[in-house]
Amino acid sequence: MINFGGKILRNLFFGVGFLFVSTPAFTQAEGLESQLFSCIAQTFEDGPQALDSLINRFENELLSEGLLENTDGEGYRGLLQRIASDQGIIRPPELYFGPRFRSLNKDSIALYECSKILTESNIRPSDSTLIQFEILRESLLHENLNPALEALAYLELLTFGDLASPYYRLLTYELIDRQAFQTTTPDTGFTTYGPLAQLDARGANVFRVYINERDQLIVSDQLVSRDQMFKLVTGHARTFEQSSLYIIEVEPDVKYSQFVSVKDHIALAISEVRDLYSRAILGKNLTELTTSEQAAVFDKYPIRIVMP
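Anyway, here's the lowdown on the structure attached to this text. No experiment lies behind these values; they were computed from the predicted model shown.

**Description of the overall build of the protein chain**
Move 1: When you go through the protein chain residue by residue, the secondary structure sums to 14 helices and 7 strands.
Move 2: Every one of the 308 residues in the protein chain was classed for burial, and the buried ones make up 47%.
Move 3: Taking all contacts inside the protein chain whose residues are at least 6 apart in sequence as the whole, residues at least 24 apart take part in 76%.
Move 4: On the protein chain, roughly 14700 Å² of surface is accessible, and the fraction owed to carbon and sulfur atoms is 51%.

**Things to note about the pairing of strand 6 (residues 245–250)**
Move 1: Looking at chain direction, strand 3 (residues 206–211) and strand 6 are connected through 6 bridges and run parallel. Residue pairing for strand 6: Arg208 is matched across the bridge by Ile247.
Move 2: Relative to strand 7 (residues 305–306), strand 6 is paired through 2 bridges, and the arrangement is parallel. The residue bridging Ile247 from the neighbouring strand is Val306, located in strand 7.

**Topic: the nonpolar core**
Move 1: With 67 residues, the main nonpolar core has Leu51, Phe97, Val209, Met229 and Ile266 as its most contacted residues.
Move 2: With 8 residues, the top contributor of residues to this core is helix 13 (residues 256–282).
Move 3: Contact partners of Met229, with chain neighbours within four places excluded, come to Phe207, Val209, Leu217, Val224, Val262, His265 and Ile266.

**A short note on the pairing of strand 3**
Move 1: Where strand 3 lies against strand 4 (residues 217–219), 3 bridges are found, and the strand directions are antiparallel. Residue pairing across strands places Val209 opposite Val219, the latter belonging to strand 4.
Move 2: Hairpin connection between strand 3 and strand 4: a loop of 5 residues separates the two successive antiparallel strands, and Asp215 in this loop has a positive phi of roughly 65 degrees.

Reading the values: rules and limits
- Residues numbered from 1 in each chain as written.
- Predicted model: local features only at pLDDT ≥ 70, side-chain atom pairs only at ≥ 80, totals over all residues.
- Heavy atoms only, no water.
- Helix = DSSP H or I, 4+ residues; strand = E, 2+ residues; numbered from the N terminus.
- Buried < 20%, exposed > 50% of the residue type's maximum accessible area, 1.4 Å probe, protein only.
- Contact = heavy atoms within 4.5 Å.
- Areas by Shrake-Rupley, 256 points an atom, 1.4 Å probe, with all protein chains shown as cover.
- Pairing = 2+ DSSP bridges.
- Core = buried A, V, L, I, M, F, W, Y, C linked by side-chain atoms within 4.5 Å.

Now the structure itself:
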């Protein structure tokens, strides 16, 4: 699976038998990363320069913050090593790559068509770092790994040369966002209705999302994407403020990692509302607030996620 800032594009090659070939596979494999990145860049309505501009801006921010020493493979490997050692990353939500990536208009059908580059390739996993990387990302979706452990898995597979490829760098940006989010937002965990008995779990203040075994999200009897849910949660938080309550219900076969992913998306959406409020009212982002100011903002927009 390929994951872009919370969007998941399922690659069909995981269920397809590979045609075993010999040396020509190396030549084809070497160009697949470039083909994929070029294909993804072409899906943006404003052209490939939209993605190029966002990546350049994001890299310059990382450089100015001292998180990235340079933009070659060595620099990115150093950043992954920092995450793997669980060093904190302090970045405000407005500088996260994922939300900005999602805000760019793109052709979702064309984006899906990019997966055919892998589907139609005749490459066996042992001949391609790309396919090994995608298989790794597929397996990670079924594990509850924190950013440090995921970064360590990337380091074991990707070389300096691999990380010089814009395709692999693009897929590490989500990891940077997650580490920054984890650094500034403590794990809210899950609770049950018991401690929140004073809240009405039946009123309009309740945002209820249902996850089925196919990893589909259902809100108000409608299938929604994670991006759509993100926008719905931000609207809900602004509307109901302190009384807001978020309930996640799941089918029996839903994996814990899917459950955690939805919880994190809800928490991130509320964190974005907190930050926007903080900057609009107090003139500071969340990381600049005093302890008392932060407590007031957090109380106004609580991350209150429960399960039945």
